[in-house]
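Examination of the molecular architecture
Okay, here's what each chain looks like letter by letter:
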Amino acid sequence: PGPVPAADSNSEAPAVAATGSGPLETEILVEGLISAPRADGSQEKRFVEAGRLEAGEGIYYTIRVHNPGKEPVKDVVVTKRMPFGVDFVAGSATGPACDVELSADNGATFSSRAKTGEFTHVRWIFQRPLAPGATALLRFRAIFR
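Residues numbered from 1 in each chain as written. Predicted model: local features only at pLDDT ≥ 70, side-chain atom pairs only at ≥ 80, totals over all residues. Heavy atoms only, no water.

**Some words on the pattern of salt bridges**
For the coordinates displayed, the defined rule picks out four salt bridges. Here Asp87 makes a salt bridge to Arg145, at a shortest N to O gap of 3.0 Å. Pair noted here: Asp87 is in strand E6 (residues 86–88) and Arg145 is in the segment after strand E9 (135–144), with a separation of 58 residues, a long-range link. (Salt bridge = Lys/Arg side-chain N within 4 Å of Asp/Glu carboxyl O. Helix = DSSP H or I, 4+ residues; strand = E, 2+ residues; numbered from the N terminus.)

**Considerations on the confidence of the model for the protein chain**
Mean pLDDT over the protein chain stands at 88; residues scoring 70 or higher make up 91%. A low-confidence stretch, residues 7–11 (pLDDT under 50), is modelled with seven contacts involving residues beyond four sequence positions or located in other chains. (pLDDT = per-residue confidence, 0-100. Contact = heavy atoms within 4.5 Å.)

**Points about the packing of aromatic side chains**
Overall, the coordinates contain five aromatic pairs when judged by the stated rule. On the numbers, 5.8 Å between centres and 40° between planes, the contact of Phe88 with Phe140 is tilted. Of this pair, Phe88 sits in strand E6 while Phe140 sits in strand E9, placing them 52 residues apart in sequence. Of the residues examined, Phe88 reaches a relative accessible area of 11% and is grouped as buried. The class of Phe140 is buried, set by a relative accessible area of 0%. These aromatic residues form a ring-pair network of at least three members: Tyr61, Phe88, Phe119, Trp124 and Phe140. Lying across the ring of Phe47, Arg139 places its NZ or CZ 3.9 Å from the centre. (Phe/Tyr/Trp six-rings, centres within 6.5 Å; stacked < 30°, edge-to-face > 60°. Buried < 20%, exposed > 50% of the residue type's maximum accessible area, 1.4 Å probe, protein only. Lys NZ or Arg CZ within 6 Å of the ring centre and 35° of its normal.)

Spelled out as structure tokens, the structure:
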């Protein structure tokens, strides 16, 4: 088992960068998805903080993007560098009213058509402004190597 890769040890770029027309705050959560039985026999799925991982285990990265200001933030773009030791799961990146793009060349170029490959960055481009006080949740799944 290995430690949960929250951020790459590469110090040349931040683990996550958020830009827009105003202030933005970000927080990264690293979670596992567990199933627990309910009293009625059905299964409840919920996210919990990830612990130590075995090779091949799936984890979820959630980026909370918050607008602490009093005005909507326009042109929001959030870029997450892939942590060392994980592989992006194709098609898993989601966000509210966002276009998702991937980079395989350390963020030099991005494409929304990339489906497979070893990715270095995930980028979300918001289609709408982020309202004052609002928080958007962006998520993707990765497999621990």
